[in-house]
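Understanding the architecture of this molecule
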Amino acid sequence: MNSRKVAAALVLPLVGALSLTACTGPGTDEEVAETVSIDQDWSQADPITIDVFDGLANYMGTQSGWFGKVVKDKFNMELNVIAPNVAGGGDTLYNTRVAGGDLGDLIVVDKGEKLDELIEGGLVLDASPYVDSMANATAFDAALDKLNEGKDGVFGFPTAVSSIKPTEPSEGLEPTFGPYLRWDLYAEAGYPEIGTLEDLLPVLEDMQEANPEAENGQKAYAISLFKDWDGNMMVMGKQPTTLYGYDEMGFVLAKADGSDYQSIVDTDSEYVRALRFYFDANQRGLVDPESTTQNYDTMFSKYQNGQVLLSWWPWLGQSAYNTEQNMADGKGFQLAPMADQQIFSYGAEVYGGKQVLAIGAGAEDPARIAAFIDWLYSPEGVNMNSSQTGAAAGPQDLTWEIGENGEPALTEFGNQVFLGGGADVPAEWGGGAYTDGVSTLNVSTVLPKDVDPDTGFPYNYTFWPSYQEKVANPLTEDWGARMGDAASAMEYLQDNDQLLVAPGSSFTAPADTSEIETIRSQVKASIIEHSWKMVFAKDDAEFDALLTSMQETVDGLGYQTVLDFDMANAQAQNDARVAVANEFG
Amino acid sequence: MSLTQGTPATTGAPAPAQAAAAVLPADGRRTGSRPGRARRGRKPASNARSSKTMFWLIAPFLVLVFLFSYLPLAGWATAFYDYKPALGLTGSEFVGLQWFEMLVSSPAQLQQLGQVLANTLAMSFLGFATSLLPVFFAMLLNEIRAPWFRNAVQTLTTLPNFISWVLVYLIAFSLFSTTGLVNSVLGDWGLITTPLKFLDTDQHVWLTMLLWSLWKGLGWGAIMYLAAITSIDPALYESARIDGANRFQLMRYITFPQLMPTYVVLLVLSIANMLNNGMEQFYVFQNAFNKEYIQVLDLYVYNIGITGNSLSMATALGMLKSLISVALLVAANAVAKRARGTSII
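As recorded by an unreviewed UniProt entry, chain B carries the name Putative multiple-sugar transport system permease YteP and is attributed to Isoptericola dokdonensis DS-3. Regarding chain B, the UniProt comment filed under Sequence similarities (unreviewed entry) reads as follows: "Belongs to the binding-protein-dependent transport system permease family."

Taking an unreviewed UniProt entry as the reference, chain A is identified by name as Bacterial extracellular solute-binding protein belonging to Isoptericola dokdonensis DS-3.

Here it is in structure tokens:
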């Protein structure tokens with residue numbers, strides 16, 4: 001197939017654009033039989049390399065390291081990961097590949113609009129012949145059936161499926177969002193009380209004054225922003241709204257319990273409140289001036305160096321700064337006790353998450369890919385595959401083992417990997433640094449919080465008693481003592497009724513009509529542009545003028561049409577949440 | 001297939017104007033270099049066979065022009081559909097003129113389009129206004145006597161042309177960001193307390209963009225004039241010197257007027273390209289703060305089509321742009337004809 005592509009590329013300039021039709025879907029020659037068993041020893045099959053188009057991956061290229069070796073040993077297959085996130089340019093890569101007729105052999109893509117479009121365009125394979133023998137995947141048949149409801153076959157496999165109640169948080173010990181402060185500096189400031197969002201500003205000001213420079217000699221700022229993920233709105237503008245239970249649905253901020261829906265551009269919306277918060281912070285000199293030009297990676301390294309004091313995400317502040325060494329010194333990011341917070345939490349998704357796995361219509365050996373997908377749902381697969389960001393423990397007997405008491409515990413090697421700053425994998429596992437070898441698919445088939453049927457404990461090792469005993473340190477002890485002896489942020493929030501769980505309904509908004517899509521893209525560009533200007537406005541008058549200008553511009557562009565559409569979706573999402581809560585809750 | 005048809009039009013290649021621009025130099029070369037050969041070939045043989053040979057010689061270029069300048073016009077069809085790549089053009093819904101209507105549907109849309117056009121024209125006119133600079137630069141360069149110094153200056157000023165805009169932005173960023181060289185030095189000297197915003201501001205955007213493109217293009221733009229200077233008849237200079245003209249008078253009364261025909265042709269061609277200021281420069285420099293003034297037509301098409309994923313609307317916009325470009329070319333040509341008596345087409 002590769003040589004054919006090369007030949008096509010060489011012939012192209014001569015034969016012209018018409019020859020491009022030749023690239024459209026190589027297609028499988030043999031007819032697929034009625035049912036095909038995937039149950040065979042794939043390690044003896046011919047070696048193949050499959051293209052994995054992965055909308056979640058943050059790595060592009062061949063999967064290497066220990067995960068690559070495991071897949072190679074089991075399936076004699078290499079994964080060539082194609083990552084639009086790395087390629088950049090929004091949907092360009094997706095559009096180009098889709099127009100070429102071959103998205104990939106294994107596809108990780110959003111359900112809803114994109115999946116439907118791919119099915120209609122004949123780019124994904126009907127996996128019905130294989131499903132019967134996919135024992136691990138069919139264990140989650142509720143999600144599988146729901147996903148393929150109304151479709152003429154089995155086209156998608158759900159991700160992040162869970163057996164936990166949809167009204168329970170899907171997160172681990174820390175929520176997805178939250179006001180995370182540099183706890184050591186907060187302690188130095190004398191643990192001042194924080195009533196509401198705006199009360200953070202004086203606290204942050206004290207913290208920044210007491211700590212004007214990080215250890216590396218660079219200036220420290222309370223707040224640092226970035227723009228890479230700006231979508232319907234400025235992404236950093238949305239985060240403070242999640243502290244009050246809101247999440248976005250297009251241009252609507254919908255409260256998790258369905259009690260409030262806001263248009264983001266309204267003067268009294270939580271979004272504008274967040275912008276004003278940043279504006280005030282900037283007036284006080286608390287905002288990193290590089291915010292306007294830096295990207296996520298630059299910002300992340302500032303967190304690592306201790307140059308930023310506030311994080312809206314534990315997976316940013318904590319993962320960058322809470323190293324074993326720092327925590328032993330009592331330094332690190334911890335949840336702040338903000339009195340009126342109602343933090344948004346995603347409920348466990350019985351019907352699976354936003355993305356799906358699918359087999360490409362042009363896949364060379366679909367049965368093997370089906371077998372691979374099925375393996376990803378097995379306890380072994382979940383442990384190995386979800387280890388990048390899902391906090392699953394990795395391969396048994398390498399990073400963890402069943403201890404003498406029958407409970408899972410990290411091995412010495414596992415301790416070194418997860419707490420000691422990394423380690424090299426033994427040669428029999430493929431060698432190389434452990435972190436370089438983790439699965440780059442970056443998609444969890446089963447929620448890591450779910451219980452591993454083989455061990456009786458969650459896949460996520462941070463829930464294991466053996467782990468929790470081990471990680472006690474001056475930072476968490478001080479935090480726990482202040483927070484009413486809470487063992488974790490999640491426990492604190494639940495005990496204090498400061499968590500608002502949105503039941504996991506797996507709702508997907510219907511596709512935008514192209515008219516709405518076009519208006520939306522213009523409106524959001526305008527909102528983002530104005531938002532950034534507002535944050536860095538000179539004075540109140542300019543801030544208000546920009547706000548008015550934003551409201552007038554987006555209205556003129558047709559904001560109301562999109563808002564009505566989003567509002568209807570937000571209501572429908574709430575109906576779905578109520579329904580799923582009633583059924584499973 | 002449909003996307004590749006759509007792309008050139010979508011990403012703002014104004015096919016006719018570019019086609020015209022692409023054909024013209026080729027024509028020029030043909031009429032410039034071929035007469036000699038053709039005459040030599042035609043006069044003695046003067047049969048149909050040699051003109052057939054000649055045709056085969058240019059055929060590959062005609063094919064290329066057709067493939068890359070005319071065939072992509074088929075992509076214009078995208079503008080009349082609600083194009084979805086996964087479904088192909090045949091599977092997408094036909095929507096007629098919906099996208100064209102949408103472009104002008106509301107005052108806010110028109111205002112946005114107006115701002116984009118204003119930016120485009122401003123950048124173009126600033127370009128015209130400074131288009132004499134390479135002429136003067138070439139003339140002054142020509143007057144330098146020491147060859148090593150002249151070569152050094154020419155090399156150094158031509159070099160930036162070969163640096164991509166991405167790298168230019170990198171240079172700009174390390175110099176002018178809030179923690180860049182300029183701000184650090186000024187801060188260390190105690191001249192400023194808060195960093196100056198050079199990149200993320202909506203002040204003087206047109207001017208800074210002009211300066212960057214001058215820095216990048218001045219030396220390169222002078223090359224053609226340097227070549228033109230060498231072809232000026234030395235007899236003119238000799239007779240002027242005999243008449244007692246000094247160096248400045250030679251420049252003023254001989255070099256400058258002799259360069260004008262070249263200058264006018266280039267100017268007219270650039271007028272046809274008035275709506276194409278390219279997008280790389282503006283794309284790398286754009287951010288939320290300067291977007292209002294930096295978004296030129298090509299960038300706007302890109303932002304709508306690729307960033308905003310509205311391929312059909314971007315195609316419609318690209319089509320309008322092509323039509324305006326053709327109109328401009330015809331108008332410029334008419335003006336040149338009246339002013340100088342010769343047509344460029």
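What follows continues from the structure just given.
1. Thoughts on the sheet that holds strand E7 (residues 246-249) of chain A
All names here are of chain A. The 3 strands are arranged E7-E8-E9 in an open sheet whose pairing can be described as antiparallel. Looking along the sheet, the strands with just one partner apiece sit at the ends: E7 and strand E9 (261-263). Across the sheet, the mean angle separating the axes of adjacent strands is 30° when strand polarity is ignored. Bridging between E7 and strand E8 (residues 252-255) involves 4 bridges; their strand directions are antiparallel. In the strand pairing of E8, Glu248 is matched with Leu253.

2. Considerations on the confidence of the model for chain A
Residues and elements named next belong to chain A. Scored by pLDDT, chain A has a mean of 88; 94% of the residues are at 70 or more. The secondary-structure element of chain A with the lowest mean pLDDT is helix H1 (residues 2-15), recorded at 41, while helix H12 (residues 270-283) shows the highest, at 97. For residues 1-33, every residue scores under 50 in pLDDT, and the model assigns this stretch 25 contacts once sequence neighbours within four places are set aside.

3. Focus on the environment of Ala152 of chain B
In this structure, Ala152 of chain B sits in helix H8 (residues 147-158). Along the sequence, Ala152 of chain B and Asn287 of chain B sit 135 residues apart, while their C-alpha atoms lie 36 Å from each other.

4. Things to note about the nonpolar core
A general tendency of soluble globular proteins is for nonpolar side chains to be buried together. All names here are of chain A. Grouped together as the largest cluster of nonpolar side chains are 116 residues, with contacts concentrated most on Ile223, Leu225 and Ile527. Dropping the residues within four chain positions of it, Leu225 is found in contact with Met234, Met236, Tyr278, Val287, Ser291, Gln294, Met299, Trp532, Val535 and Phe536. Within the second largest apolar cluster, 53 residues are counted, among which are Ile38, Ala143, Tyr377 and Val438.

5. Some details on the environment of Leu320 of chain B
Residues and elements named next belong to chain B. Note on placement: Leu320 falls in helix H17 (residues 311-340). The exposure class assigned to Leu320 is partly exposed, which follows from its relative accessible area of 33%. Each residue touching Leu320, except ones within four places of it in the same chain, is listed here: Phe100 and Leu103.

6. A word on the UniProt feature "transmembrane region" (unreviewed entry) in chain B
UniProt marks residues 53-73, 121-141, 162-186, 206-229, 250-272 and 316-336 of chain B with the feature "transmembrane region" (unreviewed entry), using the numbering shown here. With 100% helix and 0% strand, the stretch residues 316-336 of chain B has end C-alpha atoms that lie 30 Å from each other.

7. Considerations on empty space enclosed by the protein
Over the atoms rolls a probe the size of a water molecule, and its path tells where empty space is left. Enumeration according to the criterion identifies 4 cavities of 30 Å³ or more in this entry. Together, Thr293 of chain A together with Phe176, Ser177, Thr178, Leu196, Lys197, Phe198, Leu199 and Asp200 of chain B line the second largest cavity.

8. As for the sheet that holds strand E11 (residues 333-335) of chain A
All names here are of chain A. Judged by pairing direction, the sheet is antiparallel, and its 3 strands sit side by side in the order E10-E6-E11 without closing on themselves. Of all strands in the sheet, those with a lone pairing partner are strand E10 (310-311) and E11, marking the two edges. Looking at chain direction, strand E6 (residues 180-182) and E10 are connected through 2 bridges and run antiparallel. Looking across to E10, one finds that Tyr180 is bridged to Ser311. On the sheet, helix H14 (residues 314-321) packs against E6, E10 and E11 and is oriented at approximately 145° with respect to E11.

9. Quick word on the packing of aromatic side chains
Residue and element names in this part refer to chain A. This structure, assessed with the given rule, holds 53 aromatic pairs over all chains. Ring centres of Phe277 and Trp312 lie 6.0 Å apart, and the angle between their planes is 55°; on these two criteria the pair is classed as tilted. With Phe277 in helix H12 and Trp312 in the loop between E10 and H14, the pair connects residues that are 35 residues apart, well separated along the chain. Of the two residues, Phe277 and Trp312, both sit in the buried class. One aromatic cluster is present, built from ring pairs that chain together Trp66, Phe67, Phe75, Phe372, Trp375, Trp400, Phe413, Phe418, Tyr434, Tyr461, Trp464 and Tyr467. Here Lys146 stacks its cationic end above the ring of Tyr351, 4.8 Å away from the centre of that ring.

10. Considering the confidence of the model for chain B
All names here are of chain B. Of all residues in chain B, 85% attain a pLDDT of 70 or more, and the chain-wide mean is 82. Note that pLDDT drops below 50 for residues 1-42; the model gives that stretch 62 contacts with residues more than four away or on any other chain. Predicted as a complex, the structure gets a pTM of 0.81 and an ipTM equal to 0.77.

11. Points about the interface of chain A and chain B
Listed as interface residues are 38 residues of chain A and, on the opposing side, 38 residues of chain B. In total, about 3,400 Å² of surface goes out of reach between chain A and chain B, with carbon and sulfur atoms giving 61% of it. Counting every contact that joins chain A to chain B gives 1 salt bridge. Notably, a salt bridge pairs Glu292 of chain B with Lys533 of chain A, separated by 3.5 Å at the nearest N-O pair. There are 11 residue pairs in polar contact (both at pLDDT 80 or more) connecting chain A and chain B. Sorting the residues of the side of chain A that touches chain B by element identifies H1, helix H4 (92-99), helix H5 (113-120), helix H23 (514-535) and helix H24 (540-557) of chain A as the ones contributing at least two each. Examining the composition of the side of chain A that touches chain B, we find that 12 residues originate from one element, H23 of chain A, more than from any other. Of the residues that constitute the side of chain A that touches chain B, the class distribution is 15 nonpolar, 15 polar and 8 charged.

Each value, and the rule that gives it
- Residues numbered from 1 in each chain as written.
- Chains lettered and ligands numbered in written order.
- Predicted model: local features only at pLDDT ≥ 70, side-chain atom pairs only at ≥ 80, totals over all residues.
- Heavy atoms only, no water.
- UniProt positions renumbered as here; feature names shortened; annotations may be inferred.
- Pairing = 2+ DSSP bridges.
- Helix = DSSP H or I, 4+ residues; strand = E, 2+ residues; numbered from the N terminus.
- Axes fitted to C-alpha atoms, helices over the stretch in contact; angles between N-to-C directions.
- pLDDT = per-residue confidence, 0-100.
- Contact = heavy atoms within 4.5 Å.
- Core = buried A, V, L, I, M, F, W, Y, C linked by side-chain atoms within 4.5 Å.
- Buried < 20%, exposed > 50% of the residue type's maximum accessible area, 1.4 Å probe, protein only.
- 1 Å grid on protein atoms, 1.4 Å probe; cavity = no way out; pocket = protein on both sides within 12 Å on 5 of 7 lines; lining within 4 Å.
- Points joined across faces, edges and corners; volume = space filled by probe spheres on them.
- Phe/Tyr/Trp six-rings, centres within 6.5 Å; stacked < 30°, edge-to-face > 60°.
- Lys NZ or Arg CZ within 6 Å of the ring centre and 35° of its normal.
- Buried area = accessible area lost by both parts, 1.4 Å probe.
- Salt bridge = Lys/Arg side-chain N within 4 Å of Asp/Glu carboxyl O.
- Polar contact = N/O pair within 3.5 Å; in protein donor to acceptor, adjacent residues only side chain to side chain.
- Nonpolar A, V, L, I, M, F, W, Y, C, P; charged D, E, K, R; others polar.

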